[in-house]
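A structural walkthrough
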Amino acid sequence: MMEKIYALMDILLPFEWAQYTFMKNALLGILLVSPLFGMLGTMVVNNKMAFFSDALGHSALTGIAIGVLLGFKQPLWSMMAFSLLLTLGIVKVKNAKTASMDTIIGVFSAMAVALGIVILSYRGGFSKYTVYLIGDLLSITPTDLGLLTLAFIGVLLFWMLGFNQLFLVSLNPSLAKSRGLSLAVWEYLFTLLVAVIVTLSIQWVGTLIISSLLILPAAASRNIAHNTKQYVGFSIGLAFVAGLSGLLLSYFIESASGATIVLVLGIFFCITYMLKIKSTQEGA
Amino acid sequence: MEKPTCGHCFTQIRNMSVKKGKNSILKNINWDIHCGELVAVIGVNGAGKSTLLKALLGEVPYQGEIAFQNTNKIGMHPPIMGYVPQKLEFDLSSPVSVLDIFAATQSKRPVWLGVSRKMREQIKESLRRVEAEYLMDRRIGVLSGGELQRVLLALALEPMPNILLLDEPVAGMDANGLKLFYETVSHIREKYDLAIVLVSHDLELVAHYADQMIVIHQGQLIAKGKPKEVFKKPKVEAIFKQSFSKAGGAKG
């Protein structure tokens, strides 16, 4: 299966950089991850969950630490379990409405990061784990690509069947409720989905910038979109273009791919922001 | 689909109570809402009006019963509620068009894949009811207060509800927008078989448009009937003394 895909890529991409298998894998990874993040990001921004996704990214450190303590070779599953638990905790405390959302997330996030660092740095071994901070897109394997494909299908299905409901809940809770939607169910479904996708992608993107990858395409798209179709479409498109150009740029200037992609996205945001200001001035 | 007001179907509310912690916010509300009526719910701030509305919408848990009785069906079922919120709070920069909101409530097709031509026509028809079809492709962030309320009204009528709940829908609207909104509401009441429940602070407005009203005070329903009669009750008069003199002054 992979051989066939590689052969096809050799025909389609007769470039020097595309000869390497790690670049082919990274490219396939980008093809899967960028539309995924572009899609999810639109709802993350709608629901003002930027800080939440940041906390998720940071908390992955604790997940890794727990995996190390338990002697797992692959910390993905302990990371996944921890971030799902954390998500449930945050949503539960948030719905109790005893403190404001950003305070709650701040507390959870700080504790999770601190716990992770304490465990991982025990006896001075933290440097082994710095790869998780910035991620390594070039180390993506065919097995990882398989997992990402599954995630991609999962999100796409959710976006086909549950988008309208999610859209209404994020637009106005009372309106959604009067339409018979359960706010709690949709909130849990969506936050857990974000947690799964963020955790899956953390090894490639890194805990420090993963939330930017989620937020920036949607935020940039928001500057220029006039309706939901454009919003989601532009977001996917921008994520894709930035992913591709960021990967290539990082190859040529030998920088971390994840961070390079985020920088390109940041530039996209600035450009669209200026376009928005210009169009408001013209409109006024 | 469109039928004249029958006046026989009604929604029955029995012993409705809402508690928050140890505090009773609503105590034993008994109330029948008949189709074709425009009932105003009035009361001072904190009387429990909003809680009553939220209980009707199922947003807060309550004790007691709400059931809808149709003319030709013996069985009772929960009424279909249409809701026009006081103010739809959203980010002004939201890339959401009027069409998006309608499509999300009425279409199975996810909005991000666009709206079918047939659905577009149907939505245009809904908006025509409130004279707002020209707003269909606008972003909700650029609508005026009055325009947004009419759009929300059209949305609440899809599907046609048994009870249309209006939560102080005129807050922040100019005089023209207000008049247009209530003319539209009156028109809808004449044309469709539904009851309208209006929560309002504006007693003058209530006196003008409502044909029934209830007064909520300290979580209890203390008076119901025609506005003119209710306003005359000493208990009610005492509560609204200040507002009354204001309304009277405005009238001349």
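Everything numeric in this text was worked out from a predicted model, so none of it was measured. (Residues numbered from 1 in each chain as written. Chains lettered and ligands numbered in written order. Predicted model: local features only at pLDDT ≥ 70, side-chain atom pairs only at ≥ 80, totals over all residues. Heavy atoms only, no water.)

**Points about the overall build of chain B**
Tallying secondary structure elements over chain B gives eight helices and 10 strands in all. The 252 residues of chain B split such that 50% are buried. Excluding contacts between residues fewer than 6 apart, the proportion of contacts in chain B whose partners are at least 24 apart in sequence is 66%. Accessible area of chain B: about 12,300 Å², with a carbon and sulfur share of 49%. (Helix = DSSP H or I, 4+ residues; strand = E, 2+ residues; numbered from the N terminus. Buried < 20%, exposed > 50% of the residue type's maximum accessible area, 1.4 Å probe, protein only. Contact = heavy atoms within 4.5 Å. Areas by Shrake-Rupley, 256 points an atom, 1.4 Å probe, with all protein chains shown as cover.)

**Overview of the packing of aromatic side chains**
Residue and element names in this part refer to chain A. A complete count under the given rule lists 12 aromatic pairs over all chains for this structure. Consider the rings of Tyr 20 and Phe 22, whose centres lie 5.4 Å apart with planes at 20°: the pair is stacked. Consider the rings of Phe 158 and Trp 159, whose centres lie 6.2 Å apart with planes at 35°: the pair is tilted. Comparing Phe 158 with Trp 159, the two get one shared label, buried. (Phe/Tyr/Trp six-rings, centres within 6.5 Å; stacked < 30°, edge-to-face > 60°.)

**Overview of the side chain of Thr184(B)**
One can find Thr184(B) in helix α5 (residues 175–191). Excluding anything up to four places from it in sequence, Thr184(B) contacts Arg129(B), Val130(B), Arg150(B) and Leu153(B).

**A word on unusual backbone geometry**
The residue after Glu158(B), namely Pro159(B), is reached through a cis peptide bond having omega 0°. Note on placement: Pro159(B) falls in the loop between α4 (145–156) and β7 (163–167). The phi torsion at Lys48(A) lies on the positive side, around 55°, for a residue other than glycine. In this fold, Lys48(A) is placed in the loop between α2 (21–46) and α3 (50–70). The backbone of Asn28(B) shows a phi angle near 50°, a positive value even though the residue is not glycine. Among the secondary structure elements, Asn28(B) is positioned in strand β2 (residues 23–34).

**As for the sheet that holds strand β10 (residues 220–225) of chain B**
Residue and element names in this part refer to chain B. Strand order in the open sheet made by the six strands is β6-β7-β8-β3-β9-β10, with mixed pairing throughout. Here the strands that pair on one side only, and so sit at the sheet edges, are β6 (81–84) and β10. On average, each strand axis in the sheet is inclined to that of its neighbour by 20°, with strand direction left out of account. Pairing of β6 with β7 involves four bridges; the strand directions are parallel. Directly across from Met 81, in β7, lies its bridge partner Ile 163. (Pairing = 2+ DSSP bridges. Axes fitted to C-alpha atoms, helices over the stretch in contact; angles between N-to-C directions.)

**Overview of helix α12 (residues 228–253) of chain A**
Residues and elements named next belong to chain A. The end-to-end C-alpha separation of α12 is 36 Å, in line with the 38 Å expected for 26 residues at 1.5 Å each. Residues of α12 that are buried include every one of Thr 228, Tyr 231, Val 232, Ser 235, Leu 238, Ala 239, Ala 242, Gly 243, Gly 246, Leu 247, Ser 250 and Tyr 251, and no others. Backbone nitrogen of Lys 229 and a side-chain oxygen of the N-cap are separated by 3.2 Å at the start of α12; the cap is Asn 227. Residue Glu 254 follows α12 closely and has a positive phi angle near 55°. (Expected span 1.5 Å × (residues − 1). Polar contact = N/O pair within 3.5 Å; in protein donor to acceptor, adjacent residues only side chain to side chain.)

**Examining the confidence of the model for chain A**
Across chain A, the average pLDDT comes to 89, with 99% of residues at or above 70. Element-level pLDDT for chain A is lowest in helix α9 (residues 173–178) of chain A, with a mean of 80, against a maximum mean of 95 in α12(A). (pLDDT = per-residue confidence, 0-100.)

**Some remarks on the pairing of strand β8 (residues 195–199) of chain B**
Residue and element names in this part refer to chain B. For β8, the buried fraction is high: five of the five residues fall into the buried class. Side chains Ala 195, Val 197 and Val 199 of β8 all project onto a buried face; the interleaved residues Ile 196 and Leu 198 project onto the opposite face, where all are buried too. Sheet topology places β7 next to β8; five bridges connect them, and they run parallel. Within β8, the position partnered with Ile 163 by the bridge is Ala 195.

**Side note on α4(B)**
The α-helix winds at 3.6 residues per turn, so residues separated by three or four positions along the chain end up facing the same way. Between the first and last C-alpha of α4(B) there are 16 Å, a value that for 12 residues agrees with the 16 Å anticipated at 1.5 Å per step. Burial analysis of α4(B) places 11 of its 12 residues in the buried class, the great majority of the element. Taken residue by residue, α4(B) has Gly146(B), Glu147(B), Leu148(B), Gln149(B), Arg150(B), Val151(B), Leu152(B), Leu153(B), Ala154(B), Leu155(B) and Ala156(B) as its buried positions. Those residues of α4(B) that are buried lie in contact with α9 of chain A together with β6, α2 (98–106), α3 (117–128), β7 and α5 of chain B.

**Describing the environment of Lys229(A)**
Locating Lys229(A) in the fold gives a position in helix α12. Since its relative accessible area comes to 48%, Lys229(A) is described here as partly exposed. Among residues more than four places away in sequence, those in contact with Lys229(A) are Val111(B), Trp112(B), Leu113(B) and Gly114(B).

**Let's talk about the pattern of salt bridges**
Residues and elements named next belong to chain B. Inspection of every chain in the model, using the stated rule, returns eight salt bridges over all chains. Glu 158 is the partner of Arg 129 in a salt bridge, and the nearest nitrogen-oxygen pair spans 3.3 Å. A residue pair is termed long-range when its members are at least 10 positions apart, and Arg 129 in the loop between α3 and α4 and Glu 158 in the loop between α4 and β7 qualify at 29 residues. Given a relative accessible area of 16%, Arg 129 falls into the buried group. The partner of Asp 211 in a salt bridge is Arg 189, with the nearest N and O atoms 2.6 Å apart. (Salt bridge = Lys/Arg side-chain N within 4 Å of Asp/Glu carboxyl O.)

**Side note on the interface of chain A and chain B**
Each partner contributes residues to the interface: chain A has 25 residues there, and chain B has 33 residues. Roughly 2,400 Å² of surface becomes buried between chain A and chain B when both sides are summed, with 62% attributable to carbon and sulfur atoms. Among the residues chain A hides against chain B, the three largest losses belong to Asn164(A), Leu171(A) and Arg179(A). Together they make up 24% of the total. Inspection of the chain A/chain B interface yields nine residue pairs in polar contact (both at pLDDT 80 or more). Those elements that provide at least two residues to the side of chain A that touches chain B are α7 (142–161), α8 (163–171), α9 and α12 of chain A. Considering every element that reaches the side of chain A that touches chain B, the biggest residue donor is α8(A), with five residues. (Buried area = accessible area lost by both parts, 1.4 Å probe.)

**Here's the deal with the pairing of strand β1 (residues 10–20) of chain B**
Residue and element names in this part refer to chain B. The sheet contact formed by β1 and β2 spans eight bridges and is antiparallel. By the bridge assignment for β2, Val 18 is matched with Leu 26. The pairing of β1 with strand β4 (residues 63–69) spans six bridges and is antiparallel. Across the sheet, residue Phe 10 finds its bridge partner in β4, namely Gln 69.

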